[in-house]
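Okay, here's what each chain looks like letter by letter:
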Amino acid sequence: VQLQASGGGLVQAGDSLRLSCVASGRTLNIYTTGWFRQAPGKERESVAAIRRSGGNTYYADSCKGRFTISRDNAKNTVYLQMNNLKPEDTAVYYCATDLGLLTSTLRIAAAYNYWGQGTQVTVSS
């Protein structure tokens, strides 16, 4: 599976962005997909994840109520809608995907074998 993340940019606090993660090589609808982010000097952290059916989603506490993960299996794409962005959301955002992930591992970066290249999100105050 090859993943291509896009949609990042420079925005002001309170603005919105929608990130896209497009898969090629395999159909994404059989995979669990997650979004992670990494700020300079910090470890990569989970932002959100979505099961292959789209029925089950998971969010980091810092993102709940502001971010929404969704998928369009017909387009082989997973989205991350980010509203009310804050300066602390500034990071490189990565999408990742894999098969057969347990719920307990959805937020663990090392559990995913397929990664996109990352897209920069910068939020100014």
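See the structure shown above.
Described in the following lines is the structure provided in the data block. Everything quoted here is computed from the prediction, not taken from an experiment.

All right, on to the pattern of salt bridges then. Two side chains carrying opposite charge are able to pair once their charged atoms lie near each other. Tallied over the entire structure, the rule returns 4 salt bridges. One salt bridge connects arginine 37 with glutamate 45, and the closest N-O pair in it is separated by 2.6 Å. Judged by its relative accessible area of 5%, arginine 37 falls in the buried class. Note on glutamate 45: relative accessible area 36%, which makes it partly exposed. For the salt bridge of lysine 64 with aspartate 61, the shortest nitrogen-to-oxygen distance reads 3.2 Å. The class of lysine 64 is partly exposed, set by a relative accessible area of 48%. In this structure, a network of salt bridges that share partners links the residues Arg37, Glu45, Arg66 and Asp89.

A few words on the pairing of strand β4 (residues 32–38). Counting buried residues along β4, 6 of its 7 residues qualify, which places the element largely inside the surrounding structure. The pairing of β4 with strand β9 (residues 91–98) spans 7 bridges and is antiparallel. Counted as the bridge partner of glutamine 38 is valine 92 from β9. Here β4 pairs with strand β5 (residues 45–50) via 5 bridges, running antiparallel. Bridge pairing links threonine 33 to isoleucine 50 in β5. Hairpin connection between β4 and β5: a loop of 6 residues separates the two successive antiparallel strands, and glycine 41 in this loop has a positive phi of roughly 80°.

Moving on to the sheet that holds strand β3 (residues 17–24). One open sheet accounts for 4 strands, arranged β1-β3-β8-β7; its pairing is antiparallel. Each having just a single partner strand, β1 (2–6) and β7 (67–72) make up the two edges of the open sheet. Adjacent strand axes in the sheet meet at a mean angle of 15°, parallel and antiparallel pairs treated alike.

Another aspect to go through is the side chain of threonine 32. Tracing the backbone shows threonine 32 in strand β4. Within the structure, threonine 32 has its side chain in polar contact with the side chain of arginine 51 (distance 3.2 Å).

Calculation criteria
- Residues numbered from 1 in each chain as written.
- Predicted model: local features only at pLDDT ≥ 70, side-chain atom pairs only at ≥ 80, totals over all residues.
- Heavy atoms only, no water.
- Salt bridge = Lys/Arg side-chain N within 4 Å of Asp/Glu carboxyl O.
- Buried < 20%, exposed > 50% of the residue type's maximum accessible area, 1.4 Å probe, protein only.
- Helix = DSSP H or I, 4+ residues; strand = E, 2+ residues; numbered from the N terminus.
- Pairing = 2+ DSSP bridges.
- Axes fitted to C-alpha atoms, helices over the stretch in contact; angles between N-to-C directions.
- Polar contact = N/O pair within 3.5 Å; in protein donor to acceptor, adjacent residues only side chain to side chain.

In short, shape yes, function no, at least from these values alone.
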